[in-house]
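# Results of the structural survey
Each chain, written out:
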Amino acid sequence: MLKAVFFDFVGTLITKKGENITHQNIMREVLRKAGRSELDYLMVWGEYEEETGKRFRELAGKPYVRIRDVDTEALRKIAERHGFTVPEDFWEINISMHERHGELFPDALETLRSLKALSLHLGIITDSDNDYIKAHLKALGIYDLFDSITTCEDAGFYKPHPAPFMLALERAGVRPEEAIYVGDNPAKDCVGAKKVGMMSVLLDPGAERRELWRNCDFVVSGLGEVVEIVKGLMKK
Ligand code: CA
């Protein structure tokens, strides 16, 4: 019987669109503080996304290194290229912009509340630094809905390594077959869950990841569909 539902964060509970706007605002503030507002912040943002994207693809499944360090290092590389200095308080800017611009999917809150009403363990398993995820969830007003939050910082490894999934199960006090994981990345979320024997739901609104659906037990186009899947599994 299903006892726990875990969620990924970026791209699952909050939108990628909101995340992009957040990162664009971080770049604009960084350039303002560096006295280089004449530089095109969208260009700098594009380079930053490319650099961090590359780094995080390399880090998949690997031992944890602080995301603030990866992000700072990526920005430093771009700053060098354009001749500006990364502000001392880059990570504070980073967190405060996430607090300000993070955007939940329209059906996220209702979905979480419906699941909460089923008396399940509600958790998060995310590749985040602890201070980032805590501040972000609080700003979105959903921090108190979760019974557990497990990060790669806690577990010491990035998804799809089994460690974050195992730690989340341990914290919830449930067996793998009693839990399901909802994410938007088949290679990290579905594969990671499967490695520990947990079921998975892929959120794929545009049906863009078809070639990787086989890694997931369920595929949905909206978060609201998760509630029906969970109710069905609770009867088993
Ligand atoms: Ca994600």
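## Looking at the domain arrangement of the protein
When cut into domains, the protein gives domain 1 (4-15 + 103-234) and domain 2 (17-101). The gap between the C-alpha centroids of domain 1 and domain 2 is 26 Å. Counting residues at the interface gives 19 residues for domain 1, matched by 16 residues for domain 2. Only helix 6 (130-140) and helix 7 (152-155) provide two or more residues apiece to the side of domain 1 that touches domain 2. If you tally residues by element for the side of domain 1 that touches domain 2, the top one is helix 6, at five residues.

## Focus: the sheet that holds strand 2 (residues 121-126)
Pairing is parallel in the open sheet, where six strands are placed in the order 3-2-1-4-5-6. Of all the strands in the sheet, the pair left with one neighbour each is strand 3 (148-151) and strand 6 (218-220). Sheet twist, expressed as the mean angle between neighbouring strand axes with direction ignored, is 20°. Summarising the sheet, strand 5 (residues 199-203) and strand 6 pair through three bridges and their orientation is parallel. Across the sheet, the residue bridging to L202 is V219, located in strand 6.

## Thoughts on the environment of G156
Take G156: it is sitting in the loop between helix 7 and helix 8 (162-172). Distance in space between the C-alpha atoms of G156 and V196 is 16 Å, their sequence separation being 40 residues. Excluding residues within four positions of it along the chain, G156 makes contact with P63, Y64 and A163.

## Describing the packing of helix 1 (residues 16-33) against helix 2 (residues 41-59)
Interaxial distance between helix 1 and helix 2 falls to 9 Å at its minimum, and their mutual angle equals 115°. As helix 1 packs across helix 2, the resulting crossing turns out to be right-handed. Two secondary-structure elements touch here, helix 1 through H23, Q24, M27, R28 and L31 and helix 2 through Y41, L42, V44, W45, Y48 and E49. Partitioned by chemical class, the residues of the contact of helix 1 with helix 2 number seven nonpolar, two polar and two charged.

## What about unusual backbone geometry?
For the bond from K159 to P160, the omega torsion is 5°, close enough to zero to count as cis. With a phi angle near 50°, A207 is a residue other than glycine that sits in the positive phi range. Tracing the backbone shows A207 in the loop between strand 5 and strand 6.

## Observations regarding the packing of helix 1 against helix 4 (residues 90-101)
Their axes nearest at 9 Å, the elements helix 1 and helix 4 cross at an angle of 140°. Between helix 1 and helix 4, the angle falls in the class oblique. Viewed along their axes, helix 1 and helix 4 form a crossing whose handedness is right-handed. In this structure, helix 1 contributes G18, I21, T22, N25, I26, E29 and V30 to the contact, and helix 4 contributes F90, I93, N94, M97, H98 and H101. Counted by class, the contact of helix 1 with helix 4 contains six nonpolar, six polar and one charged residues.

## Here we look at the environment of A60
By the secondary structure assignment, A60 is in the loop between helix 2 and helix 3 (67-82). A sequence separation of 67 residues divides A60 from D127, and the C-alpha atoms of the two residues are 9.4 Å apart. In contact with A60, not counting residues within four places along its chain, are Y158, P160 and K188.

Basis of the calculations
Residues numbered from 1 in each chain as written. Predicted model: local features only at pLDDT ≥ 70, side-chain atom pairs only at ≥ 80, totals over all residues. Domains from an automatic or database assignment. Contact = placed C-beta atoms within 7 Å. Helix = DSSP H or I, 4+ residues; strand = E, 2+ residues; numbered from the N terminus. Pairing = 2+ DSSP bridges. Axes fitted to C-alpha atoms, helices over the stretch in contact; angles between N-to-C directions. Left-handed = near helix turned anticlockwise from the far one by under 90°. Nonpolar A, V, L, I, M, F, W, Y, C, P; charged D, E, K, R; others polar. Parallel < 35°, antiparallel > 145°, perpendicular 65-115°, else oblique.

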